[in-house]
Amino acid sequence: MEQFIKKKIIQVKKGDQSAFSDVVAFYQDKIYQHCYRMLGNKHEAEDMAQEAFIRAFVNIDSFDENRKFSTWLYRIATNLTIDRMRKRKPDYHLDAEVKGTDGLDMYSQLASTERLPGEEVESRELQRYIHQEISQLPSKYRSIIMLRYLEEFSLKEISEILDVPLGTVKTRIHRGREALRKRLRHV
């Protein structure tokens, strides 16, 4: 699939603007989910995902074709969401309640794995609690933890997305896990 994306990027750089729509179609759900996990707000996540694609398109000439496009795009989206988090009020959380539901969040909408209702409730509560604790971490740890464990990026990809040395990524993952472990010690 990476070859398909590289081909489309080359077409966009040559002036074929319609080729970028294929790139957007491929990444739009992934980028939206990443932004949503970072921001915890549907509307902000939609705005940031759209802005990430606009910035990628406008700056496509600066993209190095020898690197993975997904890493570059996630880096743009991550930087935008971190900037948004710095500018807004701190009362939003990763597990923001879905409007029109009775106290449910997006994580509670995950498909059941045929567990007993009591186990499902406990699992949802624990999951909500863990995500709440992740959302309380400083942004430099929160973004690393989310990219590594929720988005499942490699350490090298995280390094490229955040534009920090690999050693810094490892340190922040370690410190982020330690901070999360301290927050979850009574669970």
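For the structure given in this document, a descriptive report is provided here. Treat the numbers as computed from the prediction; the structure is a model and nothing was measured.

## With respect to the overall build of the chain
And then number 1: Looking only at helices and strands, the chain features eight helices and zero strands.
And then number 2: Helices (α) and strands (β) of the chain occur, in sequence order from the N terminus, as α-α-α-α-α-α-α-α.
And then number 3: Put simply, the chain has 187 residues, and 39% of those count as buried.
And then number 4: Excluding contacts between residues fewer than 6 apart, the proportion of contacts in the chain whose partners are at least 24 apart in sequence is 63%.
And then number 5: For the chain, the exposed area adds up to about 11,200 Å²; of that, 49% sits on carbon and sulfur atoms.

## What to know about the pattern of salt bridges
And then number 1: Summed over all chains, the structure comprises 11 salt bridges.
And then number 2: A salt bridge links Lys-156 to Glu-160; the nearest nitrogen and oxygen atoms lie 3.8 Å apart. In this pair, Lys-156 and Glu-160 both sit in helix α7 (residues 155-162), four residues apart, roughly one turn of the helix.
And then number 3: A residue is classified by how much of its surface remains accessible, and Lys-156, at 57% relative accessible area, is exposed.
And then number 4: Residue Glu-178 is joined to Arg-181 by a salt bridge in which the shortest nitrogen-to-oxygen separation is 2.3 Å. Taken together, the residues span about one helical turn, with Glu-178 and Arg-181 both in helix α8 (residues 166-183) at a distance of three residues.
And then number 5: Owing to a relative accessible area of 28%, Glu-178 belongs among the partly exposed residues under this scheme.

Here is what the cut-offs are and how they apply
For every chain, the first residue of the written sequence is number 1, and numbering continues from 1 onward in sequence order. Local features are withheld for residues below a pLDDT of 70 in this predicted model, meaning they are given only at 70 or higher, and side-chain atom pairs are given and counted only at 80 or more; totals for whole chains, interfaces and linings count all residues. Calculated side-chain values reflect all of the structure's heavy atoms, with hydrogen atoms and water omitted. Runs of H or I in DSSP of at least four residues are treated as helices and runs of E of at least two as strands, each being numbered from the N terminus. Note on classification: 1.4 Å probe, protein chains only; a residue is buried when its accessible area is under 20% of the maximum for its type, exposed when over 50%, partly exposed between these limits. Contacts: residue pairs with any heavy atoms within 4.5 Å of one another. Surface accessibility follows the Shrake-Rupley procedure with a 1.4 Å probe radius. Residue values consider only the protein chains on display as shielding. The term salt bridge refers to a side-chain nitrogen of Lys or Arg lying within 4 Å of a carboxyl oxygen of Asp or Glu.

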